[in-house]
Amino acid sequence: MSAYTLPGGRQITGALSIKFGQQARGGGRWIEQPAAKYECLLCEHVEIVTGAERVTAFVQTIRSSHPATCPGYPNQQGAQAA
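Counting starts from 1 at the beginning of each chain's written sequence and moves along it residue by residue. Note on the predicted model: pLDDT of at least 70 is required for a residue's local features to be given, and 80 or more for side-chain atom pairs to be given and counted; whole-chain, interface and lining totals, by contrast, use all residues. Side-chain metrics rest on all non-hydrogen atoms present in the structure, leaving aside hydrogens and water.

### As for the sheet that holds strand 3 (residues 14-19)
- Pairing is antiparallel in the open sheet, where three strands are placed in the order 3-6-7. Strand pairing shows two members of the sheet lacking a second neighbour, strand 3 and strand 7 (46-50), which therefore form its edges. The average angle at which neighbouring strand axes cross in this sheet is 10°, direction not considered.
- Here the rule is simple: two strands pair whenever DSSP picks up at least two bridges between them. Helix and strand definitions here come from DSSP, where helices need a minimum of 4 consecutive H or I residues and strands a minimum of 2 consecutive E residues; each element is numbered from the N-terminal end. Pairing geometry for strand 3 and strand 6 (residues 35-40), over six bridges, is antiparallel. Across the sheet, residue Ala15 finds its bridge partner in strand 6, namely Glu39.
- Note on contacts: a residue pair qualifies if any of its non-hydrogen atoms lie within 4.5 Å across the two residues. Helix axes are fitted to C-alpha atoms over the stretch in contact, other axes to C-alpha atoms as well, and angles between N-to-C directions run from 0 to 180 degrees. The strands touched by helix 1 (residues 52-69) are strand 3, strand 6 and strand 7; relative to strand 6, the strand with the most contacts, the crossing angle is about 15°.

This is the structure we're talking about:
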């Protein structure tokens, strides 16, 4: 895999997908837990997390945490807007 180049030279280097889950009526227990998945197009790393708190933290940090350690990311300088 490799980054997907957009017009103007920008690149998509990863994909983040989120499932919001489903709670029982009245905000009770979870019928289906929220989940998030990040797929890096440069190193092919896939990371999946489940649970409302873990998904929230993951979504807030993955754009900076993965590029900092990705062996395929140029200069490992952090996430670029896609």
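Right, picking up where we left off after that structure.
### Some remarks on the environment of Phe20
- As for its position among the elements, Phe20 is in the loop between strand 3 and strand 4 (22-23).
- Look at Phe20 and you get exposed, because its relative accessible area is 67%.
- Considered as a pair, Phe20 and Val55 are 35 residues apart in the sequence and their alpha carbons are 9.2 Å apart.
- When near neighbours in sequence (up to four residues on either side) are disregarded, Phe20 contacts Trp30 and Pro34. The classification of residues rests on relative accessible area computed with a 1.4 Å probe and restricted to protein chains. Under 20% of the type maximum is buried, over 50% is exposed, and intermediate values are partly exposed.

### Quick notes on unusual backbone geometry
- Residue Glu44 is not a glycine yet carries a positive backbone phi of 65°.
- Relative to the elements of secondary structure, Glu44 occurs in the loop between strand 6 and strand 7.

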